[in-house]
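Observations on the three-dimensional arrangement
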Amino acid sequence: MGGVLQALLRNPLADPFVLGISSGAALGAVLAILFGLGGGLLGSYMVPGTAFAAALLTIFLVYFIARTGGRVPLQTMLLAGVIVSSFFSAIIMFLISMTSDERLHSVTFWLMGSLEYMASQNMGFIFLFLLVGALFLLSRAKDFNLLTLGEETALELGVDVERVKMTSFVFTSLITGAIVSGSGLIAFVGLIVPHTVRMIWGPDHRFLLPASMLAGAMFLIAADTLARTLLAPLEIPVGVITAITGAPFFIYILRKKGHAVYH
Amino acid sequence: MPSIIELASVDFGYPGRKIFSQLNFALEKGEILGLIGPNSSGKTTLLKLMDGLLVPDRGRVLLLGEDIKRLSRSSIARKIAVVPSGVEVPFAFTAGEIVLMGRGIFLGRFGWEKKRDWEVVREGMALTNVLELENRPFWELSQGEKQRVLLARALAQEPEVILLDEPTSHLDLNHQIEIHERIRHLNALRNLTVLNISHDLNLAAEYCHRILMLSQGEIFCSGPPAQVITEDHIRSVYGIEVMVEPNPISGAPRVTPMSRAGLVRSQASQTVHVICGGGSGSDLIRRLLSRKIRVSLGVLNVGDSDYLIGKTLGLAMAAEAPFSPISEKAFAENKALMARADLIILERLYVGRGNLGNLKAAVEAVQEGRRVLVLESDPSQDYTGGEAREYYQRLRDGGATFCIDHSQILKEVEGVPS
């Protein structure tokens with residue numbers, strides 16, 4: 001998802017965290033856990049469901065904060081996202097500080113990200129959103145290429161910019177919401193995978209998007225395997241593994257090829 | 001000629017600032033139109049109205065007869081391509097990929113290009129001479145190369161009209177000429193309509209069929225370059241003094257700015273009368289004017305090169321009919337100008353019987369006690385059989401200051417208190 005947002009926002013640091021989507025989903029999940037919606041018959045649906053809904057609400061909130069006179073300037077959107085994200089993080093920290101019982105463990109583990117809660121009955125639901133979202137975003141890949149040249153140029157080259165932005169943000173949120181609802185916040189994947197793929201394959205989104213999707217999945221499975229086996233029977237949160245292995249690899253790639261990709 | 005883009009009674013303004021009011025204008029099929037005017041006269045705003053990026057507050061913009069508001073961005077991009085004055089690309093796209101982006105409107109659902117798309121891309125790149133840059137990263141290219149790649153991208157859109165927003169403002173002279181030559185070639189080859197915003201009046205005059213001069217959101221005038229680019233128009237619109245003369249090779253008007261000479265009229269501290277002729281005065285006149293000194297000239301024959309300079313600069317002159325000896329009337333005019341001057345300079349002259357009157361006037365001035373500077377004459381310039389030499393002797397006897405060159409003259413001039 002980072003790949004799409006980096007194109008839309010013309011900013012190499014963009015990922016679902018920056019726009020507040022991830023924090024929104026996290027807040028939804030934390031609320032659901034703390035208010036005890038995790039138990040009972042519908043429990044396994046409630047936490048992901050709330051996270052998903054919160055992610056969508058967040059992107060609409062950010063979008064409408066940033067909207068002025070029928071347009072959504074990207075810089076404003078980015079700022080709005082960062083602010084909303086910080087605000088939600090603060091609320092999450094407040095909620096955590098007020099919590100002392102065993103629910104704290106669920107909350108923390110969820111925030112660090114884990115594939116543990118990925119209940120098999122939710123897989124179909126998540127997969128459906130991923131499929132629809134991915135197909136839509138792939139169909140917009142050429143527009144993302146044009147958008148990296150700036151909105152005005154994209155307009156001149158025939159892209160209906162506002163519509164592409166609006167729909168892409170919605171579909172990005174759908175996907176992010178679906179993923180985060182299942183796995184919690186797994187940091188870093190959305191940021192470094194598209195960058196790494198771009199450095200190896202070049203910036204053409206028609207390659208970049210499908211390649212990032214595959215590479216991201218592979219990276220996560222590898223990280224999860226490490227997380228389960230490294231200190232078995234203890235399980236390390238998978239977000240820790242992605243960050244610890246991903247960061248040095250990313251630095252290596254950046255040092256080696258970065259100068260030819262960014263300027 | 002049918003119009004490609006037409007603005008009908010367009011009003012437009014940014015919040016708090018009105019730009020256009022009741023603007024009417026049409027870009028005709030197959031022409032190269034140059035859009036000129038000072039900063040903030042509305043050139044770029046007009047361009048953005050023409051390609052629908054800005055929407056008029058009132059009135060309509062018609063693209064081939066259809067209201068541009070009702071057209072989608074992709075149908076506009078099939079007709080109009082824009083070449084910006086520069087572009088930043090955050091990722092490492094190659095030049096070829098940048099040009100291919102011009103084909104965006106023609107690509108299918110998942111955006112993959114066909115063989116024909118690459119054919120059009122390569123054709124455009126060949127026309128703008130950037131084929132060999134195809135696999136180089138765009139950001140690595142020089143400004144001139146980038147600009148040609150952007151022109152190729154515009155061609156890849158297969159448009160009917162190209163709008164150029166100062167396409168050559170960052171470029172060296174050779175690249176400026178090259179881009180303009182390419183555009184003219186494309187215009188002739190494909191009947192491509194071109195609108196070119198330009199800061200360079202000389203290039204605009206040279207390469208455009210028609211020039212439109214904007215001034216504070218109004219069309220000041222429009223027409224063939226020779227009718228639009230004139231000293232009067234430039235003075236009114238840009239507020240500076242220029243000299244406009246035909247380019248000796250192409251015949252297009254050529255503009256030489258003379259901003260300092262323009263200042264002289266209001267601020268001159270002293271007046272100097274120069275007796276000259278046959279081009280002898282041009283260097284001295286320029287140097288006097290650049291020192292903010294008011295200059296008058298006499299007696300000059302109409303058509304003489306010093307006369308033309310004086311006329312262009314709007315200097316006060318005593319003039320005589322071409323190839324005629326100095327008449328009493330012209331002699332008197334000359335004396336009148338001399339009377340108003342703080343000092344008088346006699347330039348080195350070719351002297352014949354016709355202009356002996358100029359020497360006579362100088363002698364009379366010396367005898368009246370006026371300060372006269374005389375440039376040492378060359379005996380070979382005397383065509384009077386010795387009469388001129390006598391006048392020079394009388395100048396010397398009368399107390400005129402003889403100088404050997406212009407530098408010495410200027411030192412003498414600056415020594416005179418105003």
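**A short note on the overall build of chain B**
- Scanning chain B from N- to C-terminus turns up 16 helices and 18 strands.
- Overall, the C-alpha framework of chain B stretches about 95 × 45 × 40 Å when taken along its three principal axes.
- For chain B, the proportion of its 418 residues judged to be buried stands at 44%.
- Residue pairs at least 24 apart in sequence account for 63% of intrachain contacts in chain B once pairs closer than 6 positions are excluded.

**Observations concerning the overall build of chain A**
- Scanning chain A from N- to C-terminus turns up 12 helices and 0 strands.
- Looking at chain A as a whole, 46% of its 263 residues are labelled buried.
- Counted over contacts in chain A with a minimum sequence separation of 6, partners at least 24 positions apart contribute 72%.

**Observations regarding the sheet that holds strand β17 (residues 372-375) of chain B**
All names here are of chain B.
- Read across the sheet, 6 strands follow the order β15-β14-β13-β16-β17-β18 without closing on themselves; strand pairing throughout is parallel. The sheet is open, and its two borders are formed by β15 (316-320) and β18 (401-403), each paired with just one other strand. Taking each pair of neighbouring strands and ignoring which way they run, the sheet shows an average axis angle of 20 degrees.
- Across 4 bridges, strand β13 (residues 271-275) lies against strand β16 (residues 343-346) in parallel orientation. By the bridge assignment for β16, Val-272 is matched with Leu-343.

**Some details on the domain arrangement of chain B**
- Looking at the assigned domains, one finds that chain B contains domain 1 (3-218) and domain 2 (268-414).
- Summarising the inter-unit geometry, the C-alpha centres of domain 1 of chain B and domain 2 of chain B are found 54 Å apart.

**Considering the pairing of strand β6 (residues 80-83) of chain B**
Residues and elements named next belong to chain B.
- Burial along β6 is two-sided: Ile-80 and Val-82 facing one way and Ala-81 and Val-83 facing the other are all buried.
- Where β6 meets strand β7 (residues 161-165), 4 bridges bridge the pair, whose relative direction is parallel. Bridging from a neighbouring strand, Val-82 pairs with Leu-163 of β7.

**Describing the packing of helix α11 (residues 282-290) of chain B against helix α16 (residues 406-414) of chain B**
Residue and element names in this part refer to chain B.
- Interhelical geometry of α11 versus α16 gives an angle of 35 degrees and a closest axis separation of 11 Å. Every pair of crossing elements has a handedness; the one defined by α11 and α16 is right-handed. Counting all contacts with α11, which are made through Asp-283, Leu-284 and Arg-287, the residues of α16 involved are His-406, Ile-409 and Leu-410.
- Class assignment of the residues belonging to the contact of α11 with α16 gives a composition of 3 nonpolar, 1 polar and 2 charged.

**Let's talk about the nonpolar core**
- If you look at the biggest cluster of nonpolar residues, it comprises 138 residues, and the most contacted ones within it are Ala29(A), Val99(B), Val149(B), Ile162(B), Leu163(B) and Ile211(B).
- Non-local contacts of Leu163(B), meaning those with residues more than four positions away in its chain, are made with Leu47(B), Met50(B), Asp51(B), Ile80(B), Val82(B) and Leu195(B).
- With 47 residues, the next largest nonpolar core counts Leu297(B), Leu313(B), Met317(B) and Ala330(B) among its residues.

**Observations regarding the interface of chain B and chain A**
- Contacts between the two partners involve 25 residues from chain B and, on the opposite side, 26 residues from chain A.
- Considering each element in turn, the side of chain B that touches chain A owes the most residues, 3 residues, to helix α2 (residues 73-77) of chain B.
- Taken together, the residues that form the side of chain B that touches chain A break down as 16 nonpolar, 5 polar and 4 charged.

**Examining the environment of Leu61(A)**
- On the secondary structure map, Leu61(A) appears in helix α3 (residues 43-66).
- Taking the C-alpha atoms as reference points, Leu61(A) and Ile21(A), separated by 40 residues in sequence, lie 10.0 Å from one another.

**Looking at the pairing of β15(B)**
All names here are of chain B.
- For strand β14 (residues 294-301) and β15, the ladder comprises 4 bridges, and the chain directions are parallel. Residue pairing across strands places Ser-296 opposite Ala-316, the latter belonging to β15.
- Each parallel crossover has a hand, and the one from β14 via helix α12 (residues 305-313) to β15 is right-handed.

**Observations concerning the sheet that holds β6(B)**
All names here are of chain B.
- Judged by pairing direction, the sheet is mixed, and its 6 strands sit side by side in the order β6-β7-β8-β3-β9-β10 without closing on themselves. Of all strands in the sheet, those bounded by a partner on one side alone are β6 and β10 (218-223). Neighbour-to-neighbour, the strand axes of this sheet turn through a mean angle of 15 degrees, independent of strand direction.
- Pairing analysis gives 5 bridges linking strand β9 (residues 210-215) to β10, with the strands arranged antiparallel. Paired with Ser-215 across the bridge in β10 is Glu-218.

**Considering helix α5 (residues 143-156) of chain B**
All names here are of chain B.
- Taking 1.5 Å as the rise per residue, α5 with 14 residues should run 20 Å; its terminal C-alpha atoms sit 20 Å apart, in good agreement.
- Across the 14 residues of α5, 11 count as buried, placing the element largely inside the fold.
- By the burial criterion, the buried members of α5 are Lys-146, Gln-147, Arg-148, Val-149, Leu-150, Leu-151, Ala-152, Arg-153, Ala-154, Leu-155 and Ala-156.
- Structurally, α5 contributes buried residues whose contacts are with β6, α3 (95-100), α4 (115-127), β7 and α6 (173-190).
- Of the residues one or two after α5, Glu-158 is the one with positive phi, at around 45 degrees.

**A word on helix α9 (residues 161-183) of chain A**
- An ideal rise of 1.5 Å per residue puts 33 Å on 23 residues; α9(A) measures up with 32 Å between its terminal C-alpha atoms.
- Immediately beyond the C-terminal end of α9(A), within one or two residues, lies Gly184(A), with a positive phi of roughly 80 degrees.

**Describing the packing of helix α2 (residues 21-34) of chain A against helix α4 (residues 74-97) of chain A**
All names here are of chain A.
- One way to put it is that α2 packs onto α4 with a least axis distance of 9 Å and a crossing angle of 20 degrees. Here α4 runs roughly parallel to α2, going by the angle between their axes. In this structure, the crossing between α2 and α4 has a hand that is left-handed. Contacts between α2 and α4 involve Ser-23, Gly-24, Ala-26, Leu-27, Val-30 and Leu-34 from the former and Ser-85, Phe-88, Ser-89, Ile-91, Ile-92 and Leu-95 from the latter.
- Partitioned by chemical class, the residues of the contact of α2 with α4 number 8 nonpolar, 4 polar and no charged.

Rules used throughout
Residues numbered from 1 in each chain as written. Chains lettered and ligands numbered in written order. Predicted model: local features only at pLDDT ≥ 70, side-chain atom pairs only at ≥ 80, totals over all residues. Helix = DSSP H or I, 4+ residues; strand = E, 2+ residues; numbered from the N terminus. Buried ≥ 20, exposed ≤ 12 C-beta atoms within 10 Å, placed from the backbone. Contact = placed C-beta atoms within 7 Å. Pairing = 2+ DSSP bridges. Axes fitted to C-alpha atoms, helices over the stretch in contact; angles between N-to-C directions. Domains from an automatic or database assignment. Left-handed = near helix turned anticlockwise from the far one by under 90°. Nonpolar A, V, L, I, M, F, W, Y, C, P; charged D, E, K, R; others polar. Core = buried A, V, L, I, M, F, W, Y, C linked by C-beta atoms within 7 Å. Right-handed = clockwise from strand over helix to strand, strands pointing away. Expected span 1.5 Å × (residues − 1). Parallel < 35°, antiparallel > 145°, perpendicular 65-115°, else oblique.

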